[in-house]
Amino acid sequence: MRILVTGAASGLGAALTRAWRLRGDDVLATDLAGQDVDLTLDITNDDDWATAFEEVQTRWGGLDILVNNAGVAGGGRLDVATLDEWRWITEINLFGAVRGTRTFVPLFKRQRSGHIVNVASLAGLVHPAGMASYNAVKAAVVALTETTGHELAAYGVRASVVCPSYFRTNLMDSLQGADTVLAGVMAHLVESSPLSAHDIAASVIAGIDAGHELIVPDVAAQSAWKMKQTDRMNYELMMRAQADKLHRLAGEP
Ligand SMILES: NC(=O)c1ccc[n+]([C@@H]2O[C@H](COP(=O)([O-])OP(=O)(O)OC[C@H]3O[C@@H](n4cnc5c(N)ncnc54)[C@H](O)[C@@H]3O)[C@@H](O)[C@H]2O)c1
């Protein structure tokens, strides 16, 4: 397989790259400038996407899988997070995937094959308090993926979205935002997770191989998503308890 991965210098992108290469797939690993990867690709930069497209054509003359994985952490309570923070996270976590999709869809349509894998988050399916901007952009990535799958099915092109719960990576290094209380909570959840990027990558690759459109790669995420669909009352209670805890931590009345 010929695979392009964004955000491949760290965390899930690095783990996916490693796992695919171990089994003999060809991976074009991309990330921000200065990272130890094959190609610089800032996913917010149109010129970088054009360069990546040219590189794929020169190397392989086509592509089998595009993985829109690169992303940043953000969030914050509704009255604390700023509009600039909303714009920043949308530009990277949503428009990054949109740019990647727009860059490669014409090629995939011509090939009449291809697979777009978007890394969203459990936050794209269940939406805890304090994380509106992150939840909203990840939910948008879920919608983008489903739409892509419907629109391109007739061309033999597939789309999958990945929705993990917290796992240990360098994601919190990217965190920006005025809500330091929420930042502390998120950092604790990422850093104390029993799951590594390697665990998630193995499950993601199995999901892609099986052609799953929705890949919920870990048990914690699967339980939360199932609870929302089948036990709405307890789901609401759990989410409200989490919101109460956030208010208490923030010293809000
Ligand atoms: N770690 C978690 O708990 C968790 C949970 C759910 C979803 N995710 C998602 O997984 C994906 C990967 O994150 P991770 O946890 O491996 O984090 P990470 O910080 O370890 O890796 C993210 C990579 O993306 C790169 N990146 C950031 N902005 C970029 C840009 N503009 N252009 C190109 N590359 C950029 C970073 O340099 C980094 O190498 C993200 O989309 C994240 O939202 C992570």
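Because the structure is a prediction, the values reported are computed rather than measured.

Draft legend 1. Looking closely at the site of the ligand. Among the 30 residues in the neighbourhood of the ligand, the closest are listed as Gly7, Gly11, Ala70, Gly71 and Thr169. The biggest single contributor to the shell around the ligand is helix 1 (residues 11-22), with three residues. Taken together, the residues of the shell around the ligand break down into 15 nonpolar, 13 polar and two charged.

Draft legend 2. Structural view of the sheet that holds strand 5 (residues 114-119). Ordered in space as 3-2-1-4-5-6-7, the seven strands form an open sheet in which the pairing is parallel. With partners counted over all chains shown, the strands left at the sheet margins are strand 3 (39-40) and strand 7 (214-215), one partner each. By the bridge criterion, four bridges tie strand 1 (residues 2-5) to strand 2 (residues 26-31) in an arrangement that is parallel. If you follow Leu4 over to strand 2, its bridge partner there is Leu28.

Draft legend 3. Representation of the pairing of strand 6 (residues 157-162) in the model. A large share of strand 6 lies buried, amounting to six of its six residues. By the alternation rule, side chains of strand 6 split into Val157, Ala159 and Val161 and Arg158, Ser160 and Val162, which are all buried. Summarising the sheet, strand 5 and strand 6 pair through six bridges and their orientation is parallel. Across the sheet, Val117 pairs through a bridge with Ser160, a residue of strand 6. For the segment spanning strand 5, helix 4 (residues 132-152) and strand 6, crossover handedness is right-handed.

Definitions and limits used
Residues numbered from 1 in each chain as written. Predicted model: local features only at pLDDT ≥ 70, side-chain atom pairs only at ≥ 80, totals over all residues. Near = placed C-beta within 6 Å. Helix = DSSP H or I, 4+ residues; strand = E, 2+ residues; numbered from the N terminus. Nonpolar A, V, L, I, M, F, W, Y, C, P; charged D, E, K, R; others polar. Pairing = 2+ DSSP bridges. Buried ≥ 20, exposed ≤ 12 C-beta atoms within 10 Å, placed from the backbone. Right-handed = clockwise from strand over helix to strand, strands pointing away.

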